[in-house]
Amino acid sequence: MKKALITGITGQDGSYLAELLLEKGYQVWGLIRRSSSFHTGRIDHLYKDPHEHPSLRLVYGDLTDGSNLSSIIGEIKPDEVYNLGAQSHVRVSFDMPIFTVDTDGLGTLRLLEAIRSCDKPARFYQASSSEMYGKAVETPQTEETAFHPRSPYGCAKAYSFWQTVNYREAYGLFACNGILFNHESPRRGETFVTRKITRAATRIKLGLQEKLYLGNLDAKRDWGFAGDYVEVMWLMLQQDEPDDYVIATGRSHSVKEFVAEVFSYLDLNWADHVEIDPRYFRPSEVDLLQGDASKARRVLGWEPKVGFKDLARMMTDADMKIARRRKIIKEQEEPQQ
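First things first, this report covers the structure right here in the doc.

Parameters at a glance
- Residues numbered from 1 in each chain as written.
- Predicted model: local features only at pLDDT ≥ 70, side-chain atom pairs only at ≥ 80, totals over all residues.
- Heavy atoms only, no water.
- Helix = DSSP H or I, 4+ residues; strand = E, 2+ residues; numbered from the N terminus.
- Contact = heavy atoms within 4.5 Å.
- Polar contact = N/O pair within 3.5 Å; in protein donor to acceptor, adjacent residues only side chain to side chain.
- Pairing = 2+ DSSP bridges.
- Axes fitted to C-alpha atoms, helices over the stretch in contact; angles between N-to-C directions.
- Phe/Tyr/Trp six-rings, centres within 6.5 Å; stacked < 30°, edge-to-face > 60°.
- Buried < 20%, exposed > 50% of the residue type's maximum accessible area, 1.4 Å probe, protein only.
- Lys NZ or Arg CZ within 6 Å of the ring centre and 35° of its normal.
- Right-handed = clockwise from strand over helix to strand, strands pointing away.
- Parallel < 35°, antiparallel > 145°, perpendicular 65-115°, else oblique.
- Left-handed = near helix turned anticlockwise from the far one by under 90°.
- Nonpolar A, V, L, I, M, F, W, Y, C, P; charged D, E, K, R; others polar.
- Expected span 1.5 Å × (residues − 1).
- 1 Å grid on protein atoms, 1.4 Å probe; cavity = no way out; pocket = protein on both sides within 12 Å on 5 of 7 lines; lining within 4 Å.
- Points joined across faces, edges and corners; volume = space filled by probe spheres on them.
- Arc of directions from axis to C-beta.

**A short note on the environment of Gln126**
Next up, step 1: On the secondary structure map, Gln126 appears in strand S5 (residues 123-129).
Next up, step 2: If near-sequence neighbours (up to four positions away) are discounted, Gln126 is found in contact with Asn83, Thr108, Lys157, Ser160, Thr164, Cys176, Asn177 and Gly178.
Next up, step 3: Separated by 2.8 Å, the side chains of Gln126 and Asn83 make a polar contact.

Take a look at the structure:
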């Protein structure tokens, strides 16, 4: 039985990847940070039934603690390590740049060092980001496109990308970068723009709120489904040789288009409910990201399955169920007239 360690297992990508690896017969170890609350909502369906998934184990650790990572790697001796842990909100990285770089940049280096020190180093996947392209010099972006990050998050990810390449070339580690463009799902965090839109729109439809406040509506992104994208993470580590791959749909849509799709699906006029709030603008904006995943298609045989409209509607349907439950609770809490 293969063993895999996933950092960031409680996040969107980590939960989908854990499901995939368990289905493939892996023993999965998840790294979680110690906190006063047990933030495992996305994997509770896997973790709370040990009879159904006895191969899932959680261990306390942190990407800011190198000695702890070395101990964990040395004890588990994983065959594969997937580094998905990060402070992953681009706008927040401007408010917390040092923490973001320590976790997203140096955290990767600490993990690579822990892997390198093992007798049998694990195969390593690094979650790189399209935000590394930032002020992109060409469209679409490929594996050869130069980086020009426009946020502390993008800079930290670029650092991690090159450290991963360096450890591959200097020490012979099987280390891969997946340059993933924006990928969403019903499990996306509520502060990310797509989920913020679907959550607010469904609440507006049911009368639970009136307005949605957003920043730059003209920013364009290449949006895919997270469930599709974790498959390619696994595929990268099954190849004969390590390499780096762009993962994207090849099509971009503006935030305004995503808003319009969701509100139209709910039979609402988005212009009646959406307002611009300058607080949500970034100090330096990324206008257009659109990836070319030709290499992944050719070498890995990977194709995205969920398109833009289906993704928006999938997320809207999931948030509508949550909004309906919230409305029932609210009605029960209101005093009888």
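**Digging into the sheet that holds strand S2 (residues 27-32)**
Next up, step 1: Pairing within the open sheet is parallel, and its seven strands lie in the order S3-S2-S1-S4-S5-S6-S11. On the outer flanks of this sheet lie strand S3 (56-60) and strand S11 (245-247), each paired with one strand and no other. If you compare each strand with its neighbour and ignore which way they point, the axes differ by 20° on average.
Next up, step 2: Here four bridges tie strand S4 (residues 80-83) to S5, and the two strands are oriented parallel to one another. Bridge assignment links Val81 to a residue of S5, and that residue is Phe124.
Next up, step 3: Helix H5 (residues 97-116) contacts strand S1 (3-7), S4 and S5 of the sheet and is inclined by roughly 170° relative to S5.

**Describing the packing of aromatic side chains**
Next up, step 1: Going through the model one piece at a time under the given rule, you end up with 12 aromatic pairs.
Next up, step 2: A ring pair is formed by Tyr16 and Phe225, whose centres lie 5.6 Å apart and whose planes are at 75°; its orientation type is edge-to-face. Here Phe225 lies in strand S10 (residues 224-225) and Tyr16 lies in helix H1 (residues 12-23), a separation of 209 residues in the sequence.
Next up, step 3: Of the residues examined, Phe225 reaches a relative accessible area of 12% and is grouped as buried.
Next up, step 4: Ring pairing ties together the aromatic residues Tyr133, Phe147, Phe161, Trp162 and Phe181, which thus form one cluster.
Next up, step 5: For the cation-ring pair, Arg187 lies above Tyr16, with the distance from its terminal atom to the ring centre recorded as 3.9 Å.
Next up, step 6: In this arrangement the basic side chain of Lys295 is found over the ring face of Tyr245, its NZ or CZ atom lying 5.0 Å from the centre.

**Points about the environment of Gly8**
Next up, step 1: Residue placement: Gly8 occurs in the loop between S1 and H1.
Next up, step 2: Spatially, the C-alpha atom of Gly8 lies 8.7 Å from that of Tyr82, the residues being 74 residues apart in sequence.
Next up, step 3: Residues in contact with Gly8, not counting those within four places in the same chain, are Gly14, Leu31, Leu84 and Gly85.

**Looking at the pairing of S2**
Next up, step 1: S2 sits mainly inside the fold: five of its six residues count as buried.
Next up, step 2: Bridge count between S1 and S2: five bridges; the pairing is parallel. By the bridge assignment for S2, Thr7 is matched with Leu31.
Next up, step 3: Assessed by its sense of winding, the connection that carries the chain from S1 through H1 to S2 is right-handed.
Next up, step 4: Pairing of S2 with S3, which is carried by five bridges, proceeds in the parallel orientation. By the bridge assignment for S3, Trp29 is matched with Arg57.

**Regarding the packing of helix H3 (residues 66-76) against H5**
Next up, step 1: Between H3 and H5, the shortest axis-to-axis distance is 9 Å and the interhelical angle comes to 40°. Relative to H5, H3 is oriented oblique. Like other packed secondary-structure pairs, H3 and H5 cross with a definite hand, here right-handed. On the side of H3, the interface is formed by Gly66, Leu69, Ser70 and Ile73, while H5 contributes Gly107, Arg110, Leu111, Ala114 and Ile115.
Next up, step 2: Here the contact of H3 with H5 is composed, by residue class, of five nonpolar, three polar and one charged.

**Considerations on H1**
Next up, step 1: The terminal C-alpha atoms of H1, which comprises 12 residues, lie 17 Å apart, in line with the 16 Å expected from a rise of 1.5 Å per residue.
Next up, step 2: H1 sits mainly inside the fold: 11 of its 12 residues count as buried.
Next up, step 3: All of the buried residues along H1 are Gln12, Asp13, Gly14, Ser15, Tyr16, Leu17, Ala18, Glu19, Leu20, Leu21 and Leu22.

**Concerning the layout of surface pockets**
Next up, step 1: Each pocket or cavity is described by its volume, and for the second largest pocket that value is around 260 Å³.
Next up, step 2: If you go around the second largest pocket, the residues you meet are Lys2, Ile73, Gly74, Lys77, Pro78, Asp79, Cys118, Asp119, Lys120, Pro121, Ala122 and Arg123.
Next up, step 3: A per-class count over the lining of the second largest pocket returns five nonpolar, one polar and six charged.

**Regarding H3**
Next up, step 1: Within H3, the full set of buried residues consists of Leu69, Ile72, Ile73 and Ile76. All buried residues of H3 project into a common sector of 95° when viewed along the axis, lining one side. What points out from H3, more than 90 degrees from its buried face, is the exposed set Ser67 and Glu75.
Next up, step 2: Where H3 is buried, its residues contact S1, S2, S3, S4 and H5.
Next up, step 3: Looking one or two places after H3, you find Lys77, whose phi comes out positive at around 55°.

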